[in-house]
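Chain and residue survey
Each chain, written out:
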Amino acid sequence: MARYLVTGGAGYVGSHTVLALLDRGDEVVVLDDLSKGHRGAVPAAAKLVVGRCTDSAALEQAFALGPFEAVLHFAALSLVGDSMRQPMRYIGENVAGLTAVADAAVRAGCRKFVLSSTAALFGFPERVPIDEAQPLLPVSAYGESKLLCERALDWADRVHAMRFAALRYFNAAGADPAGRAGEEHDPETHLIPLAIGAAMGTRAPLTVFGTDYPTPDGTCIRDYVHVSDLAEAHLRVLPLLDHRSVRYNLGNGTGYSVKQVIETVGRVAGRPVPHAIGPRREGDPASLVASSEALRRDTGWAPRFPGLDEIVRTAWAWHSAHPRGYAQAA
Ligand code: UDP
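As the structure is a prediction and not an experimental result, all values here were calculated from the model.

Turning next to the overall build of the chain. Of the regular secondary structure elements, the chain holds 10 helices and 14 strands. Against the globule reference of 20 Å for 330 residues, the chain gives a C-alpha radius of gyration of 19 Å, in line with a compact fold. Principal-axis analysis of the C-alpha atoms places the extent of the chain at approximately 55 × 45 × 40 Å. A total of 330 residues make up the chain; the buried ones form 55% of that total. In the chain, once contacts between residues fewer than 6 apart in sequence are set aside, the share between residues at least 24 apart is 76%. Accessible surface, the chain: about 14000 Å² in total, of which carbon and sulfur atoms supply 52%. Looking at the chain, you have 33 positive and 36 negative side-chain charges, and the mean spots of the two groups are 1 Å apart.

Here is the structure:
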């Protein structure tokens, strides 16, 4: 049993990781400003400190609830499109949050750190599946901000012996299989919740962003990885931090096209997903699929929900039970 600080623990991936830690008997303190996260996503068994990562009083309050075995840092701005409208804000806030939290951890004597990183580090990749050896050439300010966060942690490692794991997520999807947490973003930009909302009639029909990509059915291919599998990977890398810092690409290793997602959501929902064909969205690579071989080899991690059907089924179950999201529970 150990105690962990989880920043952004009221958000999508953060809240599922909090559940994974609590499920194995650990204690959790969440630091979240609730600007994007939801109070209802933080289980009663976790302590919640409401505040920003750059707020020294909030950090002090959170670290006073330690000592922590490690910090898991999820809090960040994370919308690729939005980052291209306000690049300085994304780079400034994401790097400032990371450096403030890492600095407070060092001062508190905590030298293990897990960073939510992203496949957006790779921009338009040279080849698929994407392994860790591929060049880091982000094509969005969001991707750049996470690359800078990873590089900042290299200095924390070198100077303060802080060992870190940077996990480059591909497309997080699905919901806690026990129905305790799910996905709620505002605005929602992600394919699966938009397709589910369209099928449920709670959202507008979906627009498919382009059907002229060089893929078998012309729509973009992505690697959808179940959010509880993502959460599990955070636990798996923790023992490695006794020895070294690591970076891993984290996905299912299987790609699904937008059309396949629409078909799958229709099948799970038992009704078709209303949709229309639209133009390409700027900055979308044709295909992003992870090679998570290194993570599997080093930690034994393997997805429990590798199939798109089961991923969508958990998402559908959560959205059906929470048509108004977390507001419902309040
Ligand atoms: N997509 C789409 N319509 C939408 C939202 C997304 O066709 O309303 C496509 C998008 O172009 C991409 C895939 O679905 O190919 C996954 O997009 P999402 O925003 O969920 O994740 P991303 O891959 O951008 O991180």
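Attention now moves to the sheet that holds strand S14 (residues 287–288). The 3 strands lie next to each other as S12-S9-S14, forming an open sheet whose pairing is mixed. Each end of this open sheet is capped by a strand with a single partner; those strands are strand S12 (256–257) and S14. Sheet topology note: the strand S9 (residues 221–222)/S14 ladder contains 2 bridges and is parallel. When the sheet's bridge partners are listed, Arg222 is paired in S14 with Leu288.

This part covers the nonpolar core. Grouped together as the largest cluster of nonpolar side chains are 37 residues, with contacts concentrated most on Val28, Leu72, Val114, Tyr248 and Leu250. When residues of this core are traced back to their parent elements, those giving at least two are strand S1 (3–7), helix H1 (12–23), strand S2 (27–32), strand S4 (70–73), strand S6 (163–169), helix H7 (227–237), strand S11 (246–250) and helix H9 (293–299). Residues contacting Tyr248, with those up to four places away along its chain left out, are Glu132, Ala166, Leu167, Arg168, Val237, Leu240, Ala294, Leu295 and Asp298. Residues Leu5, Leu31, Ala100 and Val101 belong to the second largest nonpolar core, which totals 27 residues.

All right, on to the sheet that holds S1 then. The parallel open sheet is built from 7 strands, whose spatial order is S3-S2-S1-S4-S5-S6-S11. Every other strand in the sheet has two partners, leaving strand S3 (47–50) and S11 as the edge strands with one partner each. The average angle at which neighbouring strand axes cross in this sheet is 20°, direction not considered. The pairing of S4 with strand S5 (residues 112–118) spans 3 bridges and is parallel.

Inspection of the region around the ligand gives 15 residues, with Leu191, Thr207, Arg222, Arg281 and Asp284 positioned closest. In the model, an oxygen atom of the ligand is placed 2.8 Å from a nitrogen or oxygen of the Leu191 main chain. Contact with the protein chains covers 88% of the free accessible surface of the ligand, which is 510 Å². Among the elements of the structure, helix H6 (191–200) and strand S8 (206–209) are those that each provide at least two residues to the shell around the ligand. Here the shell around the ligand takes 4 residues from S8, the largest share from any one element. Split into classes, the residues belonging to the shell around the ligand amount to 8 nonpolar, 4 polar and 3 charged.

This part is about the pattern of salt bridges. Where charged atoms from two side chains of opposite charge approach closely, those side chains can pair. One pass over the structure, following the stated rule, counts 25 salt bridges. Between Arg52 and Asp33 there is a salt bridge whose closest N-O contact spans 3.7 Å. In this pair, Arg52 sits in the loop between S3 and helix H2 (56–63) while Asp33 sits in the loop between S2 and S3, placing the two residues 19 residues apart along the sequence. Across the pair Arg267 and Asp309 runs a salt bridge, and its minimum N-O distance is 2.8 Å. In this pair, Arg267 is assigned in helix H8 (residues 258–269) and Asp309 in helix H10 (residues 308–321), connecting sequence segments 42 residues apart. Each member of the salt-bridge network shares a partner with another, and the members are Asp33, Arg52, Arg89 and Glu93.

So, on to H10. Its 14 residues place the ends of H10 20 Å apart at the C-alpha level, agreeing with the 20 Å of an ideal helix rising 1.5 Å per residue. Within H10 the residues assigned to the buried category are Leu308, Ile311, Val312, Thr314, Ala315, Trp316, Trp318 and His319. Those residues of H10 that are buried are in contact with strand S7 (171–173), H6, strand S10 (224–226), S12 and H8.

Rules used in this analysis
- Residues numbered from 1 in each chain as written.
- Predicted model: local features only at pLDDT ≥ 70, side-chain atom pairs only at ≥ 80, totals over all residues.
- Heavy atoms only, no water.
- Helix = DSSP H or I, 4+ residues; strand = E, 2+ residues; numbered from the N terminus.
- Rg over C-alpha atoms; globule rule 2.2 N^0.38 Å.
- Buried < 20%, exposed > 50% of the residue type's maximum accessible area, 1.4 Å probe, protein only.
- Contact = heavy atoms within 4.5 Å.
- Areas by Shrake-Rupley, 256 points an atom, 1.4 Å probe, with all protein chains shown as cover.
- Lys, Arg positive; Asp, Glu negative; His and termini not counted.
- Charge placed at Lys NZ, Arg CZ, Asp CG, Glu CD.
- Pairing = 2+ DSSP bridges.
- Core = buried A, V, L, I, M, F, W, Y, C linked by side-chain atoms within 4.5 Å.
- Axes fitted to C-alpha atoms, helices over the stretch in contact; angles between N-to-C directions.
- Near = heavy atom within 4 Å.
- Polar contact = N/O pair within 3.5 Å; in protein donor to acceptor, adjacent residues only side chain to side chain.
- Nonpolar A, V, L, I, M, F, W, Y, C, P; charged D, E, K, R; others polar.
- Salt bridge = Lys/Arg side-chain N within 4 Å of Asp/Glu carboxyl O.
- Expected span 1.5 Å × (residues − 1).

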